[in-house]
Amino acid sequence: MSVLVACGLVREAAILARPGFVVVAGGGDSARLERELEAAVGGAALVLSCGVAGALDPTLRTGDVVVGVLAPNSFPGEGRGPVEEQKRISRGAQLQPPPRLGPGLRRGSGVGGALVEWLLQSLPDAHFGTVVGADTIIASVAEKAALYANTGAIAVDMESHIAARVAARHDLPFAIIRTISDNADQALPPAALVGMKPDGGVALGAILASLARNPTQLPALIRTGRDAGAAFKALGRTFDLMEAKGFAQFVAQMPT
């Protein structure tokens, strides 16, 4: 039995490529990601959504590990996810953040099933909470704050809602493992928004063109690259630790 993994970037896929893993990089194309996950789901024991993510919880920092489940009020149907919903929140509203779950904390028994419980036990420094999936990059501080207030999710990515839908369709266990690449109080520069190719690779030409149009974004772009590098390293360490804790044995013992 294999582990089916959804991610966004080719670099993430290289980090996640391990024996028994089938990794699909979506490259920001949710329709293609869903098609390729469906094509690969046969023989999968479980589905994971992994990679880097943006923080919505203001207390999360770059490199923090998040183990999560999909935010209940954004459970995927056939729509576009929570992006349109969060736009209805007034940017001038007083936002009251929901309670945070830090390292080692639990919401209650059975949340996310045995898979999530194993991850929380094996990754004691991970932050547990809900994660929301979006079809576009959530780039601004205002967008992050609105999405946090509206959903209570602690992080956002572009693949989890798709992976959760595929897992639910095939009645497979599902969990989210993400490392934080941008804090809630940090906006992404314009060049970062065009930096991903449809196959999940780096669109260097588009990044350079954006930088040429707006050179003042260079410090923010350097910071974004540095923070992403820290998140990638944390992702690798997380999966190395999972291997050491016997993740392959856990998967082998799962009921079929």
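Parameters at a glance
Residues numbered from 1 in each chain as written. Predicted model: local features only at pLDDT ≥ 70, side-chain atom pairs only at ≥ 80, totals over all residues. Heavy atoms only, no water. Helix = DSSP H or I, 4+ residues; strand = E, 2+ residues; numbered from the N terminus. Buried < 20%, exposed > 50% of the residue type's maximum accessible area, 1.4 Å probe, protein only. Areas by Shrake-Rupley, 256 points an atom, 1.4 Å probe, with all protein chains shown as cover. 1 Å grid on protein atoms, 1.4 Å probe; cavity = no way out; pocket = protein on both sides within 12 Å on 5 of 7 lines; lining within 4 Å. Points joined across faces, edges and corners; volume = space filled by probe spheres on them. Nonpolar A, V, L, I, M, F, W, Y, C, P; charged D, E, K, R; others polar. Salt bridge = Lys/Arg side-chain N within 4 Å of Asp/Glu carboxyl O. Patch = residues over 30% accessible without salt bridge, like charges linked within 9 Å, V, L, I, M, F, W, Y side chains within 5 Å. Pairing = 2+ DSSP bridges. Polar contact = N/O pair within 3.5 Å; in protein donor to acceptor, adjacent residues only side chain to side chain. Contact = heavy atoms within 4.5 Å.

Bringing the overall build of the protein into the picture now. Counting secondary structure elements, the protein contains ten helices and seven strands. The buried share of the protein, reckoned over its 256 residues, is 54%. Surface accessibility of the protein: about 11,300 Å² in total, with carbon and sulfur atoms responsible for 58%.

What follows deals with the layout of surface pockets. Of the voids in this model, the largest pocket is the one considered here, and its volume is about 890 Å³. Around the largest pocket, the lining comprises 34 residues; the ones closest to its centre are Leu-9, Val-52, Ala-192, Thr-224 and Ala-228. Among the elements of the structure, α1 (10-16), β3 (44-55), β6 (155-157), β7 (174-182), α7 (190-193), α8 (204-213) and α9 (218-244) are those that each provide at least two residues to the lining of the largest pocket. Here the lining of the largest pocket gets six residues from one element, more than from any other, and that element is α9. In terms of residue class, the lining of the largest pocket is made up of 18 nonpolar, ten polar and six charged.

Another aspect to go through is the pattern of salt bridges. For the coordinates displayed, the defined rule picks out ten salt bridges. Arg-18 is the partner of Asp-240 in a salt bridge, and the nearest nitrogen-oxygen pair spans 3.0 Å. You can see Asp-240 sitting in helix α9 and its partner Arg-18 sitting in the loop between α1 and β2 (21-25), a full 222 residues away along the chain. Here Asp-240 falls in the partly exposed class, since its relative accessible area comes to 43%. Across the pair Glu-34 and Arg-169 runs a salt bridge whose closest N-O atoms are separated by 2.8 Å.

Note: most peptide bonds trans; most residues except glycine with negative phi. Positive phi, close to 55°, is recorded for Asp-171, a residue that is not glycine. Note on placement: Asp-171 falls in the loop between α6 (160-169) and β7. The exposed category is assigned to Asp-171, whose relative accessible area is 71%.

Let us now look at a nonpolar patch on the surface. A grouping of Ile-137, Leu-193 and Val-194 is seen on the molecular surface, where their side chains present a nonpolar patch of about 200 Å² in accessible area. You can see Val-194 is positioned in the loop between α7 and α8.

Direction of pairing for strand β1 (residues 2-7) relative to β2: parallel, over a ladder of five bridges. Paired with Val-3 across the bridge in β2 is Phe-21.

To continue, consider the pairing of β7. Taken across its nine residues, β7 has nine buried, putting it largely inside the fold. Note that β3 and β7 share eight bridges and pair parallel. Across the sheet, Leu-48 pairs through a bridge with Ala-175, a residue of β7. In this structure, strand β4 (residues 65-70) lies alongside β7, joined through four bridges in antiparallel fashion. By the bridge assignment, Gly-68 is partnered in β7 with Ile-176.

Listed in full, the buried residues belonging to helix α2 (residues 30-40) are Ser-30, Arg-32, Leu-33, Glu-34, Leu-37 and Ala-40. Two or three places before Ala-31, at the opening of α2, Asp-29 has a side-chain oxygen 3.3 Å from that residue's backbone nitrogen.

Within the secondary structure, Ser-181 is located in strand β7. At 3.0 Å, the side chain of Ser-181 and the side chain of Asp-182 are in polar contact. Setting aside its immediate chain neighbours within four residues, Ser-181 contacts Val-52, Ala-53, Thr-62, Asp-227, Ala-228 and Ala-231.

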